[in-house]
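# Understanding the architecture of this molecule
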Amino acid sequence: MIWLVESNATLGAMSAFAILYGLDFIATVPPTVKLTVGTFGREMGPVVFGWIFAAHQPRGSLQIPPGVVSQIPPPARQDKGLLV
(Lines give C-alpha, C1' and ligand atoms only; values in the text may rest on other atoms or scores of the structure.)
Protein backbone atom coordinates (compact mmCIF):
# COMPACT_ATOMS: atom_id res chain seq x y z
CA MET A 1 0.00 0.00 0.00
CA ILE A 2 2.83 2.42 0.74
CA TRP A 3 4.24 1.69 -2.69
CA LEU A 4 1.03 3.01 -4.24
CA VAL A 5 1.57 6.43 -2.65
CA GLU A 6 5.02 6.81 -4.19
CA SER A 7 4.24 5.17 -7.53
CA ASN A 8 3.17 6.73 -10.77
CA ALA A 9 0.26 4.32 -11.13
CA THR A 10 -2.30 5.18 -13.75
CA LEU A 11 -6.00 5.52 -13.07
CA GLY A 12 -6.56 2.13 -14.71
CA ALA A 13 -3.98 0.42 -12.50
CA MET A 14 -5.42 2.04 -9.38
CA SER A 15 -8.94 1.03 -10.42
CA ALA A 16 -7.85 -2.57 -10.99
CA PHE A 17 -6.19 -2.61 -7.56
CA ALA A 18 -9.33 -1.21 -5.93
CA ILE A 19 -11.56 -3.78 -7.65
CA LEU A 20 -9.33 -6.73 -6.72
CA TYR A 21 -8.93 -5.54 -3.14
CA GLY A 22 -12.68 -5.01 -2.90
CA LEU A 23 -13.36 -8.55 -4.12
CA ASP A 24 -10.96 -9.87 -1.49
CA PHE A 25 -12.83 -7.96 1.20
CA ILE A 26 -16.22 -9.21 -0.02
CA ALA A 27 -14.93 -12.78 -0.16
CA THR A 28 -13.66 -12.86 3.44
CA VAL A 29 -15.38 -10.37 5.75
CA PRO A 30 -19.11 -11.16 5.32
CA PRO A 31 -18.67 -14.94 5.71
CA THR A 32 -16.55 -14.39 8.83
CA VAL A 33 -19.16 -12.06 10.31
CA LYS A 34 -21.92 -14.58 9.54
CA LEU A 35 -19.94 -17.41 11.18
CA THR A 36 -19.20 -15.42 14.32
CA VAL A 37 -22.77 -14.15 14.67
CA GLY A 38 -24.11 -17.65 14.05
CA THR A 39 -21.77 -19.14 16.64
CA PHE A 40 -21.75 -16.44 19.33
CA GLY A 41 -25.13 -14.79 18.78
CA ARG A 42 -26.18 -11.32 17.63
CA GLU A 43 -24.95 -9.64 20.77
CA MET A 44 -21.44 -11.12 21.06
CA GLY A 45 -20.80 -12.03 17.40
CA PRO A 46 -19.62 -8.55 16.33
CA VAL A 47 -17.37 -8.33 19.39
CA VAL A 48 -15.76 -11.67 18.56
CA PHE A 49 -15.34 -10.57 14.93
CA GLY A 50 -13.58 -7.44 16.17
CA TRP A 51 -11.17 -9.56 18.20
CA ILE A 52 -10.55 -11.83 15.20
CA PHE A 53 -9.80 -8.79 13.05
CA ALA A 54 -7.54 -7.27 15.72
CA ALA A 55 -5.67 -10.55 16.18
CA HIS A 56 -4.52 -10.41 12.55
CA GLN A 57 -2.67 -7.12 13.10
CA PRO A 58 0.15 -8.27 15.42
CA ARG A 59 0.50 -11.53 13.50
CA GLY A 60 0.93 -9.58 10.29
CA SER A 61 3.57 -7.35 11.86
CA LEU A 62 5.64 -10.44 12.66
CA GLN A 63 6.14 -10.87 8.91
CA ILE A 64 8.00 -7.57 8.57
CA PRO A 65 11.49 -8.81 9.64
CA PRO A 66 11.50 -11.79 7.22
CA GLY A 67 10.36 -9.45 4.47
CA VAL A 68 13.18 -7.04 5.17
CA VAL A 69 15.75 -9.85 5.25
CA SER A 70 14.45 -11.18 1.93
CA GLN A 71 15.30 -7.82 0.33
CA ILE A 72 18.99 -8.12 1.27
CA PRO A 73 21.05 -9.61 -1.57
CA PRO A 74 22.31 -13.17 -0.86
CA PRO A 75 26.05 -12.34 -0.51
CA ALA A 76 25.28 -9.59 2.02
CA ARG A 77 23.07 -12.00 3.96
CA GLN A 78 25.97 -14.40 4.35
CA ASP A 79 28.24 -11.58 5.51
CA LYS A 80 25.71 -10.66 8.21
CA GLY A 81 25.29 -14.27 9.32
CA LEU A 82 21.69 -14.56 8.11
CA LEU A 83 20.67 -18.06 7.06
CA VAL A 84 17.78 -16.99 4.86
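Below is a short write-up of the structure. All values reported here derive from a predicted model rather than from experimental measurement.

A surface patch of nonpolar side chains, about 540 Å² in accessible area, is lined by Ile19, Leu20, Leu23, Phe25 and Ile26. Take Ile26: it is sitting in helix 2 (residues 11–61). Assessed through its relative accessible area of 55%, Ile26 is described here as exposed.

Moving on, we come to helix 2. The end-to-end C-alpha separation of helix 2 is 30 Å, well short of the 75 Å expected for 51 residues at 1.5 Å each. The sharpest bend along helix 2 comes to roughly 130°, located at Gly41. Among all positions of helix 2, only Val29, Thr36, Gly45, Val48 and Phe49 are buried.

A word on the environment of Lys34. Here Lys34 is to be found in helix 2. Taking the C-alpha atoms as reference points, Lys34 and Pro46, separated by 12 residues in sequence, lie 9.4 Å from one another.

Rules used in this analysis
Residues numbered from 1 in each chain as written. Predicted model: local features only at pLDDT ≥ 70, side-chain atom pairs only at ≥ 80, totals over all residues. Heavy atoms only, no water. Patch = residues over 30% accessible without salt bridge, like charges linked within 9 Å, V, L, I, M, F, W, Y side chains within 5 Å. Areas by Shrake-Rupley, 256 points an atom, 1.4 Å probe, with all protein chains shown as cover. Salt bridge = Lys/Arg side-chain N within 4 Å of Asp/Glu carboxyl O. Helix = DSSP H or I, 4+ residues; strand = E, 2+ residues; numbered from the N terminus. Buried < 20%, exposed > 50% of the residue type's maximum accessible area, 1.4 Å probe, protein only. Expected span 1.5 Å × (residues − 1). Bend = angle between axes of the 7 residues up to and from the residue.

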